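# Working through the structure, step by step
One-letter residues, chain by chain:
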Amino acid sequence: MKKILVLISISFLVMAFAITPYPIDGYERTGIKRLKRLELIQSGELKDATALPLGALKSWEAISLNLASRKDDSLETFFHVDHGLQREIGGMFRGLDRSYSIAVLDISNPDSTRYAQRNETLGYQPGSVGKLAVLNALFHQLSKIYPDSFEQRIELLKNKSVKAGVWGLTDEHTVPIFNIEKNTLIKRQVIASDVFSLFEWADHMLSVSNNGAASIVWREALLMSVFCEKYPELTKEEADAYFKETPKKLLTDMANDIVNLPLRQLGITHEEWRLGSFFTGGANTYVGDKGGSIGTPLGLMKFLVQLEQGKVIDEASSLEMKRLMYMTDRRIRYAQSPSLKEAAVYFKSGSLYKCDRSKGEECGKYMGNVMNYMNSIIIVEHPDNCKYIVALMSNVLRKNSASDHMYLANLIDRAIRKG
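Residues numbered from 1 in each chain as written. Predicted model: local features only at pLDDT ≥ 70, side-chain atom pairs only at ≥ 80, totals over all residues. Heavy atoms only, no water.

### Side note on the overall build of the chain
- Of the regular secondary structure elements, the chain holds 12 helices and 12 strands.
- Computed over the C-alpha atoms, the radius of gyration of the chain is 21 Å, within 12% of the 22 Å expected from 2.2 N^0.38 for a compact globule of 419 residues.
- Buried residues in the chain amount to 60% of all 419 residues.
- Pairs at least 24 apart in sequence give 72% of the contacts found in the chain among residues at least 6 apart.
- With an accessible surface of roughly 16700 Å², the chain has 51% of that area assigned to carbon and sulfur atoms.
- Each charge class in the chain can be summarised by its mean position, and for the 53 positive and 49 negative side chains these summaries are 5 Å apart. (Helix = DSSP H or I, 4+ residues; strand = E, 2+ residues; numbered from the N terminus. Rg over C-alpha atoms; globule rule 2.2 N^0.38 Å. Buried < 20%, exposed > 50% of the residue type's maximum accessible area, 1.4 Å probe, protein only. Contact = heavy atoms within 4.5 Å. Areas by Shrake-Rupley, 256 points an atom, 1.4 Å probe, with all protein chains shown as cover. Lys, Arg positive; Asp, Glu negative; His and termini not counted. Charge placed at Lys NZ, Arg CZ, Asp CG, Glu CD.)

Spelled out as structure tokens, the structure:
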């Protein structure tokens, strides 16, 4: 996603986020220190006023892939429209313009899925949903370094620590920093001297949608592709020298390929989902923009279906990425729907809005009058085995899209349950 656009006489903006952490018992596996705090809260050793919803209490070992039994099936087999579900989904948007686009897949019965869609190929600025492409790039490069050992990939994520540098600058979103020895938590913006493990940077990228963390994860995926088996021992000095000595155009082309070519390998086309720029201005010191960013409900649905099949790189990688999407903290936007309280949800949201104050119209957070992108992708798993995937994108001007998506979540859940 682009940093901040500069427009004359137009006041602007925000790239917003969703809270989507790893399962709360994952500290020993990942080394993500923030998770230790959640464990202590859950055990009663630390006091915290925020009670987790029932759907947020799964262990990391309890998370599974819903379509693994259909791993050999092609994408096309999932996208045959079910007329009953199509009628329900279509009815929600009857009379509205093309500002809403959606793809829905009911996976309650993996052997008999149901699909519905509306404007599913219409492209939008993906916002922070695009960070899933960066996550995919990271795991893609890990598989090249350790093709025969997933455990070594996990060890590298856990034990390799890297410094932010200018790549992490600047982003208004804070990151949680938990001191295990003192049991204290602070939240602040990323600074250039920050050092976190690859797992923690990936968690910051998704859990608080930190843009600096996304640029750093993307940077590390680029370094992995260049140094391959030498990457685990790569020093900061060697990395800095590489970026200083390599032409910017070459770095731009390579960085673009690293996030986008893995999507093409999944059958997601250039017009269905692509990233064209890093998430922070600091990254532009070394890497430029190329091709623009776009997302469609169909492109995102193709990714999520193959994630559930275990086909995004391999089954172990797909499962680990799904764990990183598991929501165990404050739910917002679509995921805040009361109908999802007891459900396990795997979620990413992204927004970008822009206001032109000269028009004299009401305009504010998530209510842009020039652009008002709101994107939500979610996998829902209810305790009664009602399970489904949704990719919802909208650009409805002068309307609170955060509340809008939460309201639509109730309607979609009800439609799925009608069977």
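### Points about the layout of surface pockets
- The computed volume of the second largest pocket comes to approximately 270 Å³.
- For the second largest pocket, the lining is made up of 19 residues, of which Lys163, Arg219, Lys236, Ala239 and Asp240 are closest to its centre.
- Looking at the lining of the second largest pocket element by element, the count peaks at 4 residues for helix H8 (residues 236-245).
- Across the lining of the second largest pocket, the residue classes tally to 10 nonpolar, 3 polar and 6 charged. (1 Å grid on protein atoms, 1.4 Å probe; cavity = no way out; pocket = protein on both sides within 12 Å on 5 of 7 lines; lining within 4 Å. Points joined across faces, edges and corners; volume = space filled by probe spheres on them. Nonpolar A, V, L, I, M, F, W, Y, C, P; charged D, E, K, R; others polar.)

### Quick word on the state of the cysteines
- Scanning the model with the defined rule gives 1 disulfide in all.
- At a sulfur-sulfur separation of 2.0 Å, the disulfide partner of Cys355 is Cys363. Handedness of the Cys355-Cys363 disulfide follows from its S-S torsion of about -90°: it is left-handed. In this pair, the class of Cys355 matches that of Cys363, namely buried. (Disulfide = S-S within 2.5 Å.)

### Looking at the packing of aromatic side chains
- On inspection of all chains with the given rule, the structure shows 15 aromatic pairs.
- Between Phe93 and Tyr100 the ring centres are 5.3 Å apart and the planes differ by 45°, which places this aromatic pair in the tilted class. In terms of burial, Phe93 and Tyr100 fall into one category: buried.
- Taking the centre distance of 4.8 Å and the plane angle of 55° together, the rings of Trp167 and Phe243 count as tilted. Here Trp167, found in the loop between strand E4 (161-163) and strand E5 (174-179), pairs with Phe243, found in helix H8; they are 76 residues apart in sequence, far enough to count as distant.
- Using a relative accessible area of 4% as the deciding quantity, one classes Trp167 as buried.
- Linked through ring pairs, Trp167, Trp218, Phe227, Tyr242, Phe243, Phe278, Phe279 and Tyr286 together constitute an aromatic cluster.
- Taking NZ or CZ as reference, Lys160 lies 4.9 Å from the ring centre of Tyr231, over its face.
- A cation over a ring is seen here: Lys322 above Tyr346, with NZ or CZ 4.6 Å from the ring centre. (Phe/Tyr/Trp six-rings, centres within 6.5 Å; stacked < 30°, edge-to-face > 60°. Lys NZ or Arg CZ within 6 Å of the ring centre and 35° of its normal.)

### Things to note about the environment of Tyr346
- One can find Tyr346 in strand E10 (residues 344-355).
- C-alpha separation for the pair Tyr346 and Ala62, spaced 284 residues apart in sequence, amounts to 14 Å.
- Setting aside chain neighbours within four positions, we find Tyr346 in contact with Lys58, Ile63, Lys322, Met325, Tyr326, Ile377, Ile378, Ile379 and Glu381.
- Within the structure, the side chain of Tyr346 is placed 2.9 Å from the side chain of Glu381, a separation counted as a polar contact. (Polar contact = N/O pair within 3.5 Å; in protein donor to acceptor, adjacent residues only side chain to side chain.)

### Examining the packing of helix H10 (residues 297-309) against helix H11 (residues 315-325)
- Contact pair H10 / H11: the axes reach a minimum separation of 8 Å and the direction vectors enclose 115°. As for how H10 packs across H11, the hand of that crossing is left-handed. Residues Leu304, Gln306, Leu307 and Glu308 of H10 form the contact with H11, whose own contacting residues are Ser318, Met321, Lys322 and Met325.
- Here the contact of H10 with H11 is composed, by residue class, of 4 nonpolar, 2 polar and 2 charged. (Axes fitted to C-alpha atoms, helices over the stretch in contact; angles between N-to-C directions. Left-handed = near helix turned anticlockwise from the far one by under 90°.)

### Topic: the pairing of E10
- In terms of burial, E10 is largely enclosed, as 12 of its 12 residues are buried.
- Here E10 shows two buried faces, one formed by Ala344, Tyr346, Lys348, Gly350, Leu352 and Lys354 and the other by Val345, Phe347, Ser349, Ser351, Tyr353 and Cys355.
- Sheet topology note: the E10/strand E11 (residues 371-381) ladder contains 11 bridges and is antiparallel. Of the residues in E11, the one forming a bridge with Gly350 is Asn375. (Pairing = 2+ DSSP bridges.)

### What about the nonpolar core?
- With 98 residues, the main nonpolar core has Leu135, Phe139, Trp201, Tyr231, Phe303 and Val305 as its most contacted residues.
- Taken domain by domain, the makeup of this core includes at least three residues from each of domain 1 (81-124 + 296-418) and domain 2 (128-293).
- Ignoring anything within four residues of it in the chain, the contact list for Phe139 reads Phe150, Leu157, Ile313, Ser317, Glu320, Met321 and Leu324.
- Core analysis: the next-biggest nonpolar cluster, separate from the first, contains 28 residues, Ile89, Phe93, Ala116 and Tyr388 among them. (Core = buried A, V, L, I, M, F, W, Y, C linked by side-chain atoms within 4.5 Å. Domains from an automatic or database assignment.)

### Concerning the domain arrangement of the chain
- Examined at the domain level, the chain breaks down into domain 1 (81-124 + 296-418) and domain 2 (128-293).
- Taking the mean C-alpha position of each, domain 1 and domain 2 sit 25 Å from one another.
- With 23 residues of domain 1 at the contact, the number on the domain 2 side is 24 residues.
- Considering only the side of domain 1, the residues that lose the most area to domain 2 are Phe303, Leu324 and Lys348, jointly responsible for 30% of the buried surface there.
- The interface formed by domain 1 and domain 2 holds 2 salt bridges in total.
- Between Glu272 and Lys302 there is a salt bridge, with its nearest N and O atoms 3.0 Å apart. (Buried area = accessible area lost by both parts, 1.4 Å probe. Salt bridge = Lys/Arg side-chain N within 4 Å of Asp/Glu carboxyl O.)

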